[in-house]
Each structure stands twice: as C-alpha cells, then as structure tokens.
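One letter stands for each residue in the lines below.
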Amino acid sequence: MITLAAPVITHTAHATSTISSTSATFTTAAITAVEARNFSVFYGYRQAVKEVNIGIKHGEITAIIGPSGCGKSTFLRAINRMNDLIPGCRTGGELLFGGEDVNAKHIDTTDLRRRVGMVFQKPNPFPKSIYDNVAYGPRLREKISKGDLDALVENCLRNADLWEETKDRLHANALSLSGGQAQRLCIARALAAQPEVLLMDEPTSALDPKATAHVEELIVRLRPTLAIAIVTHNMAQAARVSDRTAFFYEGNLVEFGTTPQIFNTPRETRTQDYINGRFG
Ligand SMILES: Nc1ncnc2c1ncn2[C@@H]1O[C@H](COP(=O)(O)OP(=O)(O)OP(=O)(O)O)[C@@H](O)[C@H]1O
Ligand SMILES: [Mg+2]
C-alpha cells in the first residue's frame, strides 16, 4: 500500500518552498559505511537490482523509495546477506562494508549480521520475555554478568524509547506488546548487537500515526551513532527523516541525492512523477 502524502514543505527566508532536511549538515568527510559498486542481484535469470552505485554514510539516514517490486528490499537484504537464504539468488559487482566485499568467501555472516542489523516491516519479537528479547544477542555473543546484562538491556530499551513503558514488566511476554511497542522492541534488540549499520524495511508501515512518530523520532535520535537505511513508501516520511534519498525503479537506481534536492529539484522526470504520486 503506497501512502501518497504531500511532502513536508517549509517556507524559507528566500520565499521559496523547499523541503527541509532534519539534519542538513552534510560534510564531505562523512564516512561511507556501505558502498555498492555496479552491484546487481539476480533471482535465477531475473535481475532484481541492476548495477547500482550508492554510498550509505555514517551519521546519516538514507531513504530508499520506489514503487512496489523495484528491488528496494532485495538491495537492503543484500547488505547483510539475508538473500543467502533464497535459493537461486546471486549477486554481481561489489558491495563493500568496512572496505570488504560482504560477498567475499571469508566473510562470517553471523558477524556481518551483528554489525549490520535489520528491522522488518512486521515486528517480529521472539516469543520470550521483553528482557530476553533484548538480551538474546549479547548472551549468545559473550559471557556477561547479570549486572552488565541488566544495564545493557535498560540502555537499549531507553535508546529505543521503550524503557518507561516496560520497566515494570520486563519479564512479561513480548507478544503482549502493541504493534508500535513491538517494533521499538525489535529496534532495541537490533541495538543490543551494537550494529554499525541499521537497515529498516518499511519499519512503520504497520503502525498508526502516533507509533510512527515515535519510531521516526527514535531513528532521528539514533542517527549520529549509526548509518541508517530506511525503505519507505511514505514520501512525507522520507522527506521528514532522511538526509539522502535514493529512488529505485525497475531495479535501477534512477536518482540519488540529498533529500532536499530529490524532493525539490529532481533531475529525472521519473523521480518527479513518483514523488508527486503520478505512479507507483
Ligand atoms: N525470493 C524471491 N524469489 C524470486 N523473486 C523475488 C524474490 N523476492 C523478490 N523477488 C522479485 O524481485 C523483484 C524485487 O522485489 P523486492 O521485494 O526487492 O521489491 P520491493 O521494491 O521491496 O517491493 P515492495 O515495495 O513491494 O516491498 C520483484 O520483481 C520480486 O518479484
Ligand atoms: Mg519490499
């Protein structure tokens, strides 16, 4: 379901209507966390992502937009090798993370998935307590004292803006949470792995406006510490939260630029038509 909402327009002192970025502090020095170079993904003979070139930077939120079936989820899943689970799926070109190709033979996918966390459209808490959901990854990874684990769980729940709502029922089943709370729990669980990159595939599409606002505030707050890529069908959301926007169409990266540029002065007609809701 595509939400065709009007982008956030602000009126500047120059009396022109522009989209304002929430960060708007672009520095050329921002470090690229993930870089795709002529990167492709195939399902059998069908090419779902076509020679894409893009850099996802630390300290920024990159929005990935485009109509259904254009390869957004496929591209996102490629970054932490989630597509490995799909028979017949293969890649071409390079996809660099920390200077190494994620598809290189020696890459440990468990470690990669710890460093590159993912939050899905549908919140998927484990059928365990709220506490155990967050503690799950750290317990697997290392021997950790009860005190340290308690502190880590609290910290992640605080960072995911869920602590106040759950501190008195940490041992209740996570399946008792509302959709918005469950999604924030999934974010807390992803944060517990201390990722360097957070991939979010339509993280608010199943949430009501209040829960969506909550998650958006959280993403913006996390921005300085991570590289975040968020797939969204909600143009207003992309305009509100992201620093850069990538427009995918039929597997191609049609246009990539700062969010104000993409929304205010798109270079490509297809970008303009899509953000104005003419197709999608
Ligand atoms: N597991 C799969 N096996 C075969 N083809 C797939 C698989 N997953 C996706 N595809 C195909 O790859 C193309 C891109 O799909 P993808 O899910 O990446 O699109 P999307 O942009 O995320 O779409 P949506 O906005 O609907 O989520 C589509 O043509 C889709 O049918
Ligand atoms: Mg998708």
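Just so you know, these numbers come straight off a predicted model, no measurement behind them.

Caption draft 1: Spatial organisation of the packing of helix H3 (residues 130-141) against helix H6 (residues 179-192). Where H3 contacts H6, the two axes come as close as 8 Å, and the packing angle between them is 20°. Here H3 lies roughly parallel to H6, going by the angle between them. Two packed elements cross with a definite hand, and for H3 against H6 that hand is right-handed. Facing Ile130, Asn133, Val134, Pro138 and Arg141 of H3, the residues of H6 in contact are Leu185, Ala188, Arg189 and Ala192. Residue composition of the contact of H3 with H6, by class: six nonpolar, one polar and two charged.

Caption draft 2: Molecular detail of the packing of aromatic side chains. One pass over the structure, following the stated rule, counts seven aromatic pairs. On the basis of an interplanar angle of 40° and a centroid distance of 5.7 Å, the ring pair of phenylalanine 75 and phenylalanine 248 is categorised as tilted. With phenylalanine 75 in helix H1 (residues 72-79) and phenylalanine 248 in strand S11 (residues 244-249), the pair connects residues that are 173 residues apart, well separated along the chain. We note that phenylalanine 75, like phenylalanine 248, is buried. It is arginine 90 that lies over the ring of phenylalanine 42; its NZ or CZ is 4.2 Å from the centre. Across the ring face of phenylalanine 126, the terminal group of arginine 189 is positioned such that the distance to the ring centre comes to 4.0 Å.

Caption draft 3: Representation of the nonpolar core in the model. Counting 47 residues, the largest nonpolar core has Leu157 and Ile187 as its most contacted members. Core analysis: the second largest hydrophobic core is formed by 32 residues, Ala33, Val197, Val231 and Phe248 among them.

Caption draft 4: Broad picture of the site of ligand 1. Near ligand 1 you find 15 residues, and of these Arg46, Ser68, Lys72, Thr74 and His233 are the closest. Tyrosine 43 places a side-chain nitrogen or oxygen 3.4 Å from a nitrogen atom of ligand 1. Taking serine 68, its side chain carries an N or O atom lying 2.5 Å from an oxygen atom of ligand 1. Here ligand 1 has 640 Å² of accessible area as a free molecule, and 65% of this is covered by the chains. Counting only elements with at least two residues in the shell around ligand 1, the list comes to strand S4 (46-57) and H1. When residues of the shell around ligand 1 are assigned to their parent elements, the largest contribution, four residues, is made by H1.

Cut-off values and rules
- Residues numbered from 1 in each chain as written.
- Chains lettered and ligands numbered in written order.
- Predicted model: local features only at pLDDT ≥ 70, side-chain atom pairs only at ≥ 80, totals over all residues.
- Heavy atoms only, no water.
- Axes fitted to C-alpha atoms, helices over the stretch in contact; angles between N-to-C directions.
- Helix = DSSP H or I, 4+ residues; strand = E, 2+ residues; numbered from the N terminus.
- Parallel < 35°, antiparallel > 145°, perpendicular 65-115°, else oblique.
- Left-handed = near helix turned anticlockwise from the far one by under 90°.
- Contact = heavy atoms within 4.5 Å.
- Nonpolar A, V, L, I, M, F, W, Y, C, P; charged D, E, K, R; others polar.
- Phe/Tyr/Trp six-rings, centres within 6.5 Å; stacked < 30°, edge-to-face > 60°.
- Buried < 20%, exposed > 50% of the residue type's maximum accessible area, 1.4 Å probe, protein only.
- Lys NZ or Arg CZ within 6 Å of the ring centre and 35° of its normal.
- Core = buried A, V, L, I, M, F, W, Y, C linked by side-chain atoms within 4.5 Å.
- Near = heavy atom within 4 Å.
- Polar contact = N/O pair within 3.5 Å; in protein donor to acceptor, adjacent residues only side chain to side chain.
- Areas by Shrake-Rupley, 256 points an atom, 1.4 Å probe, with all protein chains shown as cover.

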